[in-house]
Amino acid sequence: MCGIVGYVGDKESAPILVSGLKKLEYRGYDSAGVAVVNRNQLNVVRATGKLRNLENRVVADQPQGNIGIGHTRWATHGRPSDENAHPHTYKNVAVVHNGIIENHLSLKTQLRAKGHVFSSETDTEVFAHLISDELEAGKELPDAVRGAIEQVKGTYALAVVSATDPHRIVCTKNASPMVLGLSEGQNFIASDVPAVLEHTRDIVYMEEGDLAIVTAAKVDIFNRQGHPVNRATRRIDWTPMMAEKGGYKHFMHKEIWEQPRAVADTLRGRMLLTEGDVHFEGWNLTPEKVRSLSKITILACGTSWHSGVAGKHMIETLARLPVEVELASEFRYRDPIVESSHLAIAISQSGETADTLAAFKEAKARGATAMAICNVIGSAMTREAEFSVLTNAGPEIGVASTKAFTTQLVALYLLAVKLGRMRGTLSVAAAQEHLTHLTEIPKMIEEVLKCEPAVKRVAREFMNSQDFLFLGRGPMHPVALEGALKLKEISYIHAEGYAGGEMKHGPIALIDEKMPVVVIAPKKPHVAYEKIIGNIEEVRARGGKVIAVIDEDDDQVAGLADHVIRVPAACALLAPVIATIPLQLLAYHVAEMRGNDVDQPRNLAKSVTVE
Ligand code: AGP
């Protein structure tokens, strides 16, 4: 998501920090900043927007000093602005942070009660205040950082400098990456290897709970218990481009594999298991308002529209509220019926898609309450919305949406539970059960990714096919649509996604021995399973090749299909999150084997900001 870089040595740090941040630009960001320490003085420069804005300020009035930290921010708490950009400071302390502090609101309340005044809307600023208090209590900087992280719940890669301790950077990590770059007479820290590659290829990967004290001469690492530890130094031979992709050949592949983390970030801090409820920061719909809703209208395009179709199943089942899923490009040009009792939800990775934005504005103008489910805070859609649920997937660079889709599904499930509780259609116990299912999802995604070798074999066999058909029923219908979209957009193979029940109404005419048919057939819900077996029989009877995505323990469909991809069994409404992943991998490997430009497929743009 965000990027961190730090330097301590004998050179001026500001230009090194800015050039390190440039190497992280590919990750996406909305603001940036550096903090440099010089003879017990802290100098901070920050700027919203592109890095050149920061660079211009640094060049105009360069902060002097041989030690500093820098950051590119991708907003999660608080809009993109100079004040919300990192580094955040309090008294003598400056911090940069990647991750999310879940308990920042309660910590802020406690700190305010002690007289602290906050100058940003971010969760990160809490770190600067906590560390400063610990220093004032007489602790050394490393112990002050330890003292602060003991009070924090959440994820972090954190780097800290202090004007009263001007020769060392202290950094620590928990569930967000942090590396150390080692060199003669100078050392570096970074969230990602590319930031330091031009200076050193000797890299130490910090482990969970590690805390490092970095000076120009050496690096000392301590584990969570505070014991000194040795972490291996690795020589990194990646080209800068390989490093940006974390060693993966394409961003899309990296983003597929990032999904356990991305989904965990969507869930983080939102599931109240004991209460059987969901917490969305800034939620502003009163119980009366939620009870008075008569309809939800989801507005979206492409992959985001598919997640809307899955969301319809979730919300209607758990909150018993009618949901219509509209193609934004169609909605905006009709005369839609919108009432003040309607909730319009725009779903968008980018938050900038022109059709979705126009449809959303139209629904709002006609009186609907406007909510966005979006990956980019501060985007046009979140600005238009009265309330936004951020998916927190981190920047998605591959044109084909992958982690954006699965994080949207998870956000929609959280929303369905929240609405179900508020409307009284879910008991505390039922909500707890749904939330427990959600907690299992990141682990299940890790499991399902292990199917990649099986998917690759299928890709090799069918990479030269002219057409593909994808079939799914019930909650798997949007998965079939998404599987087909993914394949066509990056492999350029014609692919259709259909609800299984529609096959007899037309697509069955296409089936012959050359036609691969991907059937998504989890055992739940049972009614869909029974019916999709009928579809499989129909395909077989016409010589079509069946590639079935099935539950791990399913022998029945395994006995019918030509190829099977086994996935862990999830509950019916969450199974789309799991079942989509083999289809993403299938599209990826077919496209890659055909030699296509996977990340930038022809004719497509990442963000469709024109009609
Ligand atoms: C997905 O792989 C596509 N590239 C595309 O369909 C995309 O989902 C659509 O353009 C909507 O984008 P958004 O989520 O940023 O609004």
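Owing to the predicted nature of the structure, the values given are computational and were not obtained by experimental measurement.

Asks: What am I meant to see in the packing of helix H16 (residues 452–462) against helix H19 (residues 575–593) here?
Replies: Helix packing geometry: the angle between the two helix axes and the distance between the axes. With their axes 9 Å apart at the nearest point, H16 and H19 run at an angle of 50° to one another. The pairing of H16 with H19 is recorded here as oblique in orientation. In this structure, H16 meets H19 at a crossing whose hand is right-handed. Within the contact between the two elements, H16 uses Glu452, Val455, Lys456, Val458, Ala459 and Arg460 and H19 uses Pro582, Leu585, Leu586, His589, Val590 and Met593.

Asks: Which parts of the structure should I look at to understand the site of the ligand?
Replies: Around the ligand, the structure places 15 residues, and the nearest of them are Ser304, Ser348, Gln349, Thr353 and Glu489. Taken by itself the ligand offers 410 Å² of open surface, and the protein chains cover 92% of this. For the shell around the ligand, the secondary-structure elements that each account for two or more residues are helix H10 (302–319) and helix H17 (477–491). Among the residues forming the shell around the ligand, the class breakdown is five nonpolar, eight polar and two charged. Residue contributions to the shell around the ligand reach at least three from each of two domains, namely domain 2 (251–439) and domain 3 (451–593).

Asks: Even after reading the chapter, I still don't get the domain arrangement of the protein, so can you show me in this structure?
Replies: The figure often quoted for interface size is the accessible area lost as the parts come together. Its domain assignment divides the protein into domain 1 (3–243), domain 2 (251–439) and domain 3 (451–593). Here the C-alpha centroids of domain 1 and domain 3 sit 46 Å apart.

Asks: Sorry if this is basic, but what is going on with the packing of aromatic side chains here?
Replies: Think of a pair of aromatic rings as described by two things: how far the centres are apart, and how the planes are tilted against each other in angle. Scanning the entire structure with this criterion turns up seven aromatic pairs. Pairing phenylalanine 127 with tyrosine 156 gives two aromatic rings, centres 5.9 Å apart and planes at 85°, and the pair type is edge-to-face. Of this pair, phenylalanine 127 sits in helix H4 (residues 125–136) while tyrosine 156 sits in strand S7 (residues 156–162), and the two are 29 residues apart along the sequence. For the pair formed by phenylalanine 127 and tyrosine 156, the shared burial category is buried. Where tryptophan 283 meets phenylalanine 387, the ring centres are 5.1 Å apart and the plane angle is 80°; that geometry is what we call edge-to-face. Taken together, the residues tryptophan 283 in the loop between strand S17 (277–278) and helix H9 (287–292) and phenylalanine 387 in strand S22 (residues 387–390) connect sequence positions 104 residues apart. On the basis of relative accessible area, tryptophan 283 is assigned to the buried category, the value being 17%. The class of phenylalanine 387 is buried, set by a relative accessible area of 5%.

Asks: Before we go on, may I ask you to explain helix H8 (residues 259–267) in this structure?
Replies: Since the α-helix advances by 3.6 residues per turn, residues separated by three or four positions end up pointing in the same direction. Taken across its nine residues, H8 has seven buried, putting it largely inside the fold. Those residues of H8 that sit buried are Gln259, Pro260, Ala262, Val263, Asp265, Thr266 and Leu267. If you follow the buried residues of H8, they end up packed against helix H7 (251–257), strand S16 (271–272), helix H14 (403–423), helix H15 (428–448) and H19. Count one or two residues on from H8 and you reach glycine 269, which has phi positive near 75°.

Asks: Would you mind going over the sheet that holds strand S9 (residues 179–183) with me for this structure?
Replies: Sheet strands line up and pair through hydrogen bonds in the backbone, either parallel or antiparallel. Taken in spatial order, the eight strands of this open sheet run S3-S2-S4-S1-S10-S9-S11-S15, and their pairing is antiparallel. Two strands in the sheet have a free side with no partner beyond their single neighbour: strand S3 (41–48) and strand S15 (233–235). Each strand axis lies, on average, 20° off the axis of its neighbour in the sheet, ignoring direction. Note: strand S1 (residues 3–8) against strand S4 (residues 67–73), six bridges, orientation antiparallel. Bridge pairing links isoleucine 4 to histidine 71 in S4. The sheet strands contacting helix H2 (residues 51–60) are strand S2 (31–38), S3 and S4, and the helix crosses S3 at an angle near 140°.

Asks: In this structure, what is going on with the state of the cysteines? I would like to understand it.
Replies: By definition, a disulfide links the sulfur atoms of two cysteine residues through a covalent bond. Under the defined criterion, the tally for this structure stands at zero disulfides. Not part of a disulfide, cysteine 171 finds its nearest cysteine sulfur in cysteine 2, a span of 16 Å. Relative accessible area serves as the criterion here: at 0%, cysteine 171 is assigned to the buried category. Not part of a disulfide, cysteine 301 finds its nearest cysteine sulfur in cysteine 374, a span of 13 Å. Taking the relative accessible area as the measure of exposure, cysteine 301 reaches 24% and is therefore partly exposed.

Asks: Could you clarify how one ought to interpret the packing of H14 against H15 in this entry?
Replies: The interhelical angle for the contact between H14 and H15, taken along N-to-C directions, is 170°, at an axis separation of 10 Å. In terms of orientation, H14 and H15 fall into the roughly antiparallel class. Contact with H14, carried on its side by Val410, Tyr413, Leu414, Val417 and Arg421, involves Val428, Ala431, His434, Leu435, His437 and Leu438 of H15 and no other residues of that element. Each residue belonging to the contact of H14 with H15 can be placed in one class, and the counts come to eight nonpolar, two polar and one charged.

So, how was this worked out
- Residues numbered from 1 in each chain as written.
- Predicted model: local features only at pLDDT ≥ 70, side-chain atom pairs only at ≥ 80, totals over all residues.
- Heavy atoms only, no water.
- Axes fitted to C-alpha atoms, helices over the stretch in contact; angles between N-to-C directions.
- Helix = DSSP H or I, 4+ residues; strand = E, 2+ residues; numbered from the N terminus.
- Parallel < 35°, antiparallel > 145°, perpendicular 65-115°, else oblique.
- Left-handed = near helix turned anticlockwise from the far one by under 90°.
- Contact = heavy atoms within 4.5 Å.
- Near = heavy atom within 4 Å.
- Areas by Shrake-Rupley, 256 points an atom, 1.4 Å probe, with all protein chains shown as cover.
- Nonpolar A, V, L, I, M, F, W, Y, C, P; charged D, E, K, R; others polar.
- Domains from an automatic or database assignment.
- Phe/Tyr/Trp six-rings, centres within 6.5 Å; stacked < 30°, edge-to-face > 60°.
- Buried < 20%, exposed > 50% of the residue type's maximum accessible area, 1.4 Å probe, protein only.
- Pairing = 2+ DSSP bridges.
- Disulfide = S-S within 2.5 Å.

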